[in-house]
Amino acid sequence: MERNGCGAGCLIVLVALTTPLVLLAGVLLTVLTVDAAQLEFRAARKQGTMGHFTARELDCSGRGPCNWNGVYVSGDGSLTKPDAWIFGYGSDELAAGDRVAALDAGHDVKVFRPGHYDLPGVLLLAGFSLATLLLPVYLFRRALWKSPPKWTPERPTWKGHRL
């Protein structure tokens, strides 16, 4: 049975046209995932520059949890990030003006509470990346391989027959 007048041939063409775009999105998402994973693993191993973070304001404008924005200064004073935000503190754990230890693992603006990292975020990105890369395979398989027919012939019964 055809849906909306589009048969198997139409579905194959549609899948063939969208597959390169989906694969490109999957590759880009994979690159972002690897970059984010490297950063989070550096933070998990406490690799980076220790310093301190001074909380300025609580930002709750995004869809996720609230973040503390402020200023990060490395321990030796050689690096300053005036527009940093810190991961690992809840909205009620800091107040404006609080100064806490922080780890710069290499992100432009994100610094970490020592011992805290965003493993669930990395796993979520990895899941989206994998799903995006496997979606074209699923669509091609679905479009090209038809299911076996639902009707099967009845088996003859041999009761009462002699050979």
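Model, not experiment: these values are computed from the prediction.

**Q** Looking at this structure, I do not really get the packing of aromatic side chains. What am I missing?
**A** Centre distance and the angle of the planes are the two values used to describe a pair of aromatic rings. Taken as a whole, this structure holds one aromatic pair when the rule is applied. Judged by centre distance (6.2 Å) and plane angle (65°), the ring pair of F87 and F112 falls under edge-to-face. Of this pair, F87 sits in strand 3 (residues 80-87) while F112 sits in strand 5 (residues 110-112), and the two are 25 residues apart along the sequence. On the basis of relative accessibility, which here comes to 21%, the residue F87 falls in the partly exposed class. Classification of F112 as buried rests on a relative accessible area of 0%. Directly above the aromatic system of F87 lies the positively charged group of K110, at a separation of 5.0 Å from the ring centroid.

**Q** Sorry if this is basic, but what is going on with the side chain of K81 here?
**A** Structurally, K81 is set in strand 3. At 2.4 Å, the side chain of K81 and the backbone oxygen of H107 are in polar contact. Excluding its chain neighbours within four sequence positions, the residues that come into contact with K81 are G70, V71, Y72, D104, H107 and D108.

**Q** Looking at this structure, how should I read the pattern of salt bridges?
**A** Pairing is possible between side chains of opposite charge, provided their charged atoms come close. Counted by the stated rule, this structure contains three salt bridges. Notably, a salt bridge pairs D104 with K81, separated by 2.8 Å at the nearest N-O pair. Here D104, found in strand 4 (residues 99-104), pairs with K81, found in strand 3; they are 23 residues apart in sequence, far enough to count as distant. Looking at D104, the relative accessible area reads 6%, which means it is buried. Its relative accessible area of 10% is what places K81 among the buried residues. We note a salt bridge from E93 to R113, for which the minimum N-O separation is 3.0 Å. Linking E93 in the loop between strand 3 and strand 4 with R113 in the loop between strand 5 and helix 2 (119-144), this pair joins segments that are 20 residues apart in sequence.

**Q** Would you take a moment to explain the state of the cysteines for this structure?
**A** In protein structure, a disulfide is the covalent linkage between the sulfur atoms of two cysteines. Under the defined criterion, the tally for this structure stands at one disulfide. The residue that forms a disulfide with C60 is C66, at a sulfur-sulfur distance of 1.9 Å. The sign of the S-S torsion, about 115°, decides the handedness of the disulfide formed by C60 and C66: right-handed. Residue classification places C60 among the partly exposed residues on the basis of a relative accessible area of 44%. Owing to a relative accessible area of 23%, C66 belongs among the partly exposed residues under this scheme.

Rules of the game
Residues numbered from 1 in each chain as written. Predicted model: local features only at pLDDT ≥ 70, side-chain atom pairs only at ≥ 80, totals over all residues. Heavy atoms only, no water. Phe/Tyr/Trp six-rings, centres within 6.5 Å; stacked < 30°, edge-to-face > 60°. Helix = DSSP H or I, 4+ residues; strand = E, 2+ residues; numbered from the N terminus. Buried < 20%, exposed > 50% of the residue type's maximum accessible area, 1.4 Å probe, protein only. Lys NZ or Arg CZ within 6 Å of the ring centre and 35° of its normal. Polar contact = N/O pair within 3.5 Å; in protein donor to acceptor, adjacent residues only side chain to side chain. Contact = heavy atoms within 4.5 Å. Salt bridge = Lys/Arg side-chain N within 4 Å of Asp/Glu carboxyl O. Disulfide = S-S within 2.5 Å.

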